[in-house]
Structures are given as C-alpha cells and as structure tokens.
Amino acid sequence: MIRTTSKLADGRELIYFDTDVQADRDTVDLRPLDASANGSEIRRDPVTGAWVTIAAHRQARTYQPPADECPLCPSRDGRASEIPAGDYQVAVFENRFPSLAADSRDPDYPAGDPLRTALAGTGRCEVVCFTADHHASFADLDEDHARLVLDAWTDRTAELHTLPGVEQVYCFENRGAEIGVTLGHPHGQIYAFPFTTPRTARMVEQATRHREATGRNLFEDLLAAERADPRRTVLTGRHWTAFVPFAARWPYEVHLYPNRRVADLTHLTEAERAEFPGLYLELLRRFDRLFTTADTHENATPTPYISAWHQAPATGGAELALHLELFTVRRAAGKLKYLAGVEAGMDAFVNDVAPEHAAERLREVAS
C-alpha cells in the first residue's frame with residue numbers, strides 16, 4: 001500500500017491509498033474555498049446518560065447532486081471536486097461538513113449543571129471514497145481493491161486513536177437513498193468520537209456482566225455458540241464467520257466476526273486480512289440478490305444497507321470483540337422496515353423475518 005497525504009484548498013487533509021507506485025498524486029486543489037466554521041457540541045441526555053451531537057451547520061451540506069456534479073468523483077477539466085487527482089483507487093479526506101471537528105469550541109453554558117451538560121464537539125469525521133467509478137458499488141470491487149479499503153480503514157483507525165480526546169473510532173458505510181445517503185458515489189465514513197457510543201456502552205455493560213457471571217468472554221462464547229449451531233450460519237472461512245444473530249433486529253442482518261477475538265482492525269493478522277475481502281464481497285453480493293423479481297430474477301434497485309465496524313473504545317473496552325454488522329432496512333421486494341413507534345420511540349425492535357429464515361435465504365443466494 002502506498003499512502004500519499006496532501007491538503008485541500010481550505011486546509012483539510014486528503015490521503016490517497018494506492019497499490020500502484022507510479023500513481024500521480026502531485027495535484028493541487030485550486031478551488032477558492034474558505035475555511036469551514038464548525039459549531040458542533042455534544043450534550044448529555046440527563047435521562048439516559050447518552051451523548052447527543054448537535055451540528056446545526058450540517059444543514060448546508062451537499063444533498064443528492066446530479067452525477068456530473070458529484071464532489072467525490074475525480075476532478076476533470078472545468079469541474080473541480082473534493083479529489084484533485086484525475087483518478088484514484090481509494091481516497092480519504094476530512095469531511096467538509098463534519099459532525100465533529102478538532103476546532104469545535106466550548107459551548108457557552110454554565111458549568112456544573114447536571115441537567116445541562118455540554119462540551120465541544122471535538123473529534124474528526126472523514127469520508128472514504130472506495131473507488132473513482134461513480135456508478136460502481138463496494139460489491140463491484142475486486143478482492144485486491146477491497147483489501148486496499150481494509151488497509152485504509154486500518155490506517156485511519158490507528159491514526160485517529162492517537163488524536164487527543166478520541167474514545168472510539170467507527171468505520172461505516174451507508175448505501176442507498178432509503179438509508180438517507182446524500183451522495184450517490186460509493187463511499188463510507190469514519191467518525192472519531194470523543195465519547196463511547198451508546199450501543200457500544202451497552203455492549204461493554206453486557207460483556208462485564210457475562211464475565212462476572214461466567215468468568216468467560218461474552219463475544220467468544222457467542223461466536224462459539226453460533227458456530228456450533230449452523231441454522232443461522234451464513235458463511236465460514238478459516239479466519240472469519242458470518243451469521244445472523246439469534247435476536248436480529250433487522251429483517252436481514254449478518255454479523256461477521258474474526259474467529260480470534262481482537263479489539264480493533266489494527267490487531268488483525270495478515271492471514272485474517274487476506275481472507276476478509278473475499279468473504280465480505282460475497283456477503284454484499286448476496287445482499288444484492290435477496291430481493292429478485294419473478295421475471296428478471298434481478299433486484300429492481302440495489303439493496304440498501306448499513307455496514308458498521310464495531311471496535312473497542314479506548315476506555316473500558318477490554319472485553320469487546322471487533323466485528324462487522326451488515327443489515328438492510330428492506331424486508332421484502334418493494335417493502336421497507338420503517339422505525340415505527342415501538343422502535344423509534346422505545347428502542348424495542350420487532351422483526352418481521354425470523355433470523356433462521358433470513359440465514360437460509362442468504363445461503364440460497366450464494367454465488
């Protein structure tokens with residue numbers, strides 16, 4: 001992997017990841033950009049204890065531009081984008097409209113009020129462009145290119161964890177308008193949070209309880225149980241296992257675990273890294289074959305999904321295990337699972353698809 005770092009016109013960092021040593025990355029962003037003004041803050045919900053990010057400046061972010069105005073495509077004559085180069089393999093840059101930023105200022109609230117706790121929204125948000133091809137998707141990449149994305153995720157996880165105040169690094173992809181994607185170009189994001197996210201905090205709590213009750217690690221026991229019961233297993237390799245969780249929240253939800261417990265991407269071995277691309281690409285391609293039409297046996301539209309890496313936080317995460325959670329909001333062809341009253345209001349999920357059926361269907365659509 002060749003890593004080349006440069007700056008955009010407003011000072012944001014841009015990093016190219018390449019496998020070609022002769023790739024030309026000696027390009028300059030000539031756009032007349034002013035430095036962005038970020039007013040992010042994080043506020044603690046006194047009822048749940050969870051941190052909520054307030055980032056009102058993001059209302060002005062780019063929203064579903066036409067393909068010929070995509071800011072994630074390479075720059076062309078007469079049209080400059082966020083990527084000055086005329087082509088690229090994988091590119092990562094600081095988000096122009098970040099939810100969290102290093103220059104966020106302390107909010108003007110009286111200190112010591114337990115009902116009004118607020119801090120500067122410090123951290124970092126990055127955009128990961130998986131390919132220069134606007135009309136591709138992650139599933140269209142070959143294994144070498146997917147491995148380059150994995151290397152980029154790993155590089156960013158390592159570097160972002162060194163930033164002052166960062167508690168958790170979260171790499172993820174939102175795909176599809178149904179998910180709320182504002183840019184159609186194949187890309188993901190990375191958030192460096194100044195706090196442990198609520199879902200991770202709940203995982204830490206459950207893992208601690210499991211250790212106290214059994215003396216064992218929750219995630220190791222969970223993976224062993226799923227590997228021993230093939231009803232929900234979707235895909236297995238020498239180093240990774242993919243399964244539908246016993247209490248899946250989403251209609252089609254797959255968790256992909258390394259068979260050896262590690263805290264985050266930086267701790268994977270070369271053998272584990274080498275096997276991941278093939279398994280992950282197969283999972284994504286199966287998702288795209290889930291909802292085929294009777295006449296063409298193809299999806300009318302690509303399957304919308306969220307792909308989320310769960311990594312241990314800097315504080316209190318010794319019991320956690322690295323894993324990827326992949327799920328779709330589509331429950332049938334032409335039907336979406338909306339977060340209705342019980343889910344959105346009470347965080348009590350109701351799943352219309354039995355996990356065992358979902359796993360069976362994901363096995364049926366294997367390549």
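This text gives an overview of the structure that appears in the document. (Residues numbered from 1 in each chain as written. Predicted model: local features only at pLDDT ≥ 70, side-chain atom pairs only at ≥ 80, totals over all residues. Heavy atoms only, no water.)

Topic: the nonpolar core
Thinking step 1. Core analysis: the largest hydrophobic core is formed by 52 residues, its most contacted members being F138, W153, V234 and W309.
Thinking step 2. Residues contacting V234, with those up to four places away along its chain left out, are A242, F243, V244, V254, L283, R286, A359, L362 and R363.
Thinking step 3. Judged by nonpolar contacts, the second largest core, of 15 residues, contains C70, V127, A132 and L183. (Core = buried A, V, L, I, M, F, W, Y, C linked by side-chain atoms within 4.5 Å. Buried < 20%, exposed > 50% of the residue type's maximum accessible area, 1.4 Å probe, protein only. Contact = heavy atoms within 4.5 Å.)

Quick look at the sheet that holds strand 6 (residues 118-120)
Thinking step 1. Strand order in the open sheet made by the 3 strands is 4-3-6, with antiparallel pairing throughout. For this open sheet the edge positions go to strand 4 (51-54) and strand 6, each flanked by a neighbour on one side alone. Strand-to-strand, the axes of this sheet are offset by a mean angle of 25°, without reference to chain direction. (Pairing = 2+ DSSP bridges. Helix = DSSP H or I, 4+ residues; strand = E, 2+ residues; numbered from the N terminus. Axes fitted to C-alpha atoms, helices over the stretch in contact; angles between N-to-C directions.)

Quick notes on the pairing of strand 5 (residues 90-94)
Thinking step 1. Across the 5 residues of strand 5, 4 count as buried, placing the element largely inside the fold.
Thinking step 2. In the sheet, strand 2 (residues 13-18) pairs with strand 5 via 4 bridges, with the strands oriented antiparallel. Within the sheet, the bridge partner assigned to Y16 lies in strand 5 and is A91.
Thinking step 3. Sheet topology places strand 5 next to strand 7 (residues 124-129); 4 bridges connect them, and they run antiparallel. For F93, the partnering residue across the bridge sits in strand 7 and is V127.

A look at the packing of helix 1 (residues 143-160) against helix 4 (residues 270-287)
Thinking step 1. It is at 9 Å that the axes of helix 1 and helix 4 come closest, and there the two elements cross at 120°. One finds that helix 1 runs oblique with respect to helix 4. Between helix 1 and helix 4 lies a crossing whose hand is right-handed. Within the contact between the two elements, helix 1 uses E143, A146, R147, L150, W153 and T154 and helix 4 uses E270, R273, A274, F276, P277, G278, Y280 and L281.
Thinking step 2. Residue composition of the contact of helix 1 with helix 4, by class: 8 nonpolar, 2 polar and 4 charged. (Parallel < 35°, antiparallel > 145°, perpendicular 65-115°, else oblique. Left-handed = near helix turned anticlockwise from the far one by under 90°. Nonpolar A, V, L, I, M, F, W, Y, C, P; charged D, E, K, R; others polar.)

Thoughts on the packing of helix 2 (residues 198-214) against helix 3 (residues 218-228)
Thinking step 1. Orientation of helix 2 relative to helix 3, taken along the N-to-C sense of each, is 85°, at an axis distance of 8 Å. The angle between the axes of helix 2 and helix 3 places the two elements in the roughly perpendicular class. Two secondary-structure elements touch here, helix 2 through M203, Q206, A207, H210 and T214 and helix 3 through L218, F219 and D221.
Thinking step 2. When the residues that make up the contact of helix 2 with helix 3 are grouped by side-chain class, the tally is 4 nonpolar, 3 polar and 1 charged.

What about the pairing of strand 4?
Thinking step 1. Bridge analysis of strand 3 (residues 41-44) against strand 4 gives 4 bridges, and the strand direction is antiparallel. Bridging across to strand 4, E41 finds its partner in I54.
Thinking step 2. Between strand 3 and strand 4, which pair antiparallel and follow one another directly, the connecting turn spans 6 residues, one of which, G49, has a positive phi of 85°.

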